[in-house]
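The chain contents come next:
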Amino acid sequence: AQKITQTQPGMFVQEKEAVTLDCTYDTSDQSYGLFWYKQPSSGEMIFLIYQGSYDEQNATEGRYSLNFQKARKSANLVISASQLGDSAMYFCAMREVGIKAAGNKLTFGGGTRVLVKP
Amino acid sequence: ETGVTQTPRHLVMGMTNKKSLKCEQHLGHNAMYWYKQSAKKPLELMFVYNFKEQTENNSVPSRFSPECPNSSHLFLHLHTLQPEDSALYLCASSQDRDSAYEQYFGPGTRLTVT
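Rules of the game
Residues numbered from 1 in each chain as written. Chains lettered and ligands numbered in written order. Predicted model: local features only at pLDDT ≥ 70, side-chain atom pairs only at ≥ 80, totals over all residues. Heavy atoms only, no water. Helix = DSSP H or I, 4+ residues; strand = E, 2+ residues; numbered from the N terminus. Polar contact = N/O pair within 3.5 Å; in protein donor to acceptor, adjacent residues only side chain to side chain. Salt bridge = Lys/Arg side-chain N within 4 Å of Asp/Glu carboxyl O. Buried < 20%, exposed > 50% of the residue type's maximum accessible area, 1.4 Å probe, protein only. Contact = heavy atoms within 4.5 Å.

Engineer: Can you help me understand the side chain of R63 of chain B in this one?
Structural biologist: Along the chain, R63 of chain B turns up in the loop between β6 (53-57) and β7 (64-70). Polar side-chain contacts of R63 of chain B include one of 2.7 Å to the side chain of D85 of chain B.

Engineer: Mind showing me how you'd approach the pattern of salt bridges here?
Structural biologist: Two side chains carrying opposite charge are able to pair once their charged atoms lie near each other. For the structure on display, the rule yields four salt bridges over all chains. Residue R63 of chain A pairs with D86 of chain A through a salt bridge whose shortest N-O separation is 2.8 Å. Here R63 of chain A, found in the loop between β7 (60-61) and β8 (64-69), pairs with D86 of chain A, found in the loop between β9 (74-79) and β10 (88-96); they are 23 residues apart in sequence, far enough to count as distant. Since its relative accessible area comes to 24%, R63 of chain A is described here as partly exposed. A relative accessible area of 3% means that D86 of chain A is categorised as buried. Among the salt bridges present, the one from K41 of chain B reaches E44 of chain B, with a minimum N-O distance of 3.7 Å.

Engineer: Is there a simple way to think about the environment of F12 of chain A in this case?
Structural biologist: Residues and elements named next belong to chain A. With respect to the helices, strands and loops of the structure, F12 is situated in strand β2 (residues 10-14). Put simply, F12 and L115 are 103 residues apart on the chain and 4.9 Å apart in space, counted from C-alpha to C-alpha. In contact with F12, other than residues within four places in its own chain, are L115 and K117.

Engineer: I tried to follow unusual backbone geometry on my own but got confused; where do I start?
Structural biologist: Trans peptide bonds make up the majority, and among non-glycine residues the majority have a negative phi. Residues and elements named next belong to chain B. Here the bond from T7 into P8 is cis, since omega is -10°, no more than 30 degrees from zero. Position of P8 relative to the elements: it lies in the loop between β1 (4-7) and β2 (10-13). Phi at K52 is positive, roughly 70°, even though this residue is not glycine. Mapped onto the fold, K52 is located in the loop between β5 (44-50) and β6. The backbone of S59 sits at a positive phi, close to 55°, despite the residue not being glycine. Take S59: it is sitting in the loop between β6 and β7.

Set out below in structure tokens:
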């Protein structure tokens, strides 16, 4: 079974509007971290936001917010006021802290391509 | 220079060639990683180094040989590759292997095996 599932292969969003990118995860660990990365066409993976499994509040970083629903095992990324520079691939990733052998191993989803239209 | 750098950015090599990819991080981190990103596949972890010691080899073929001479540098030595090895190879670093910190990625090396 996939540990990280991103069901939206691609999305269009109008400039200045908000967009929600879906991410569901599968783990039996109680302690884990969820990450979102942005990958523009240049290839670099840019860290956006982090949510710990014990964090009670949803993480926010500027225009990025993470809608964390632990019971549903979902960690959706919300980008508000989209800009043309937001066009990129977006990856959800999970790190299971409870399994010692995993260390800081990140498991990535398949990604969602976002295209912002002017 | 800041962050994580990788050289070369693009590499074309024949199946009989030997080449090396280089990664350098300027963040004072102690853990470094190699990932492979193929078309239409999720990012795959290849190797993990923590304080210069290899802590994970994710069933990577022996034609890929990593080297970590110090906490700031990571190499991936390539020899007798196959066309299916063509991919974007990303290097990353983090504070250390077991901490809660995020990983920072380099820009990647786009490898084409002919």
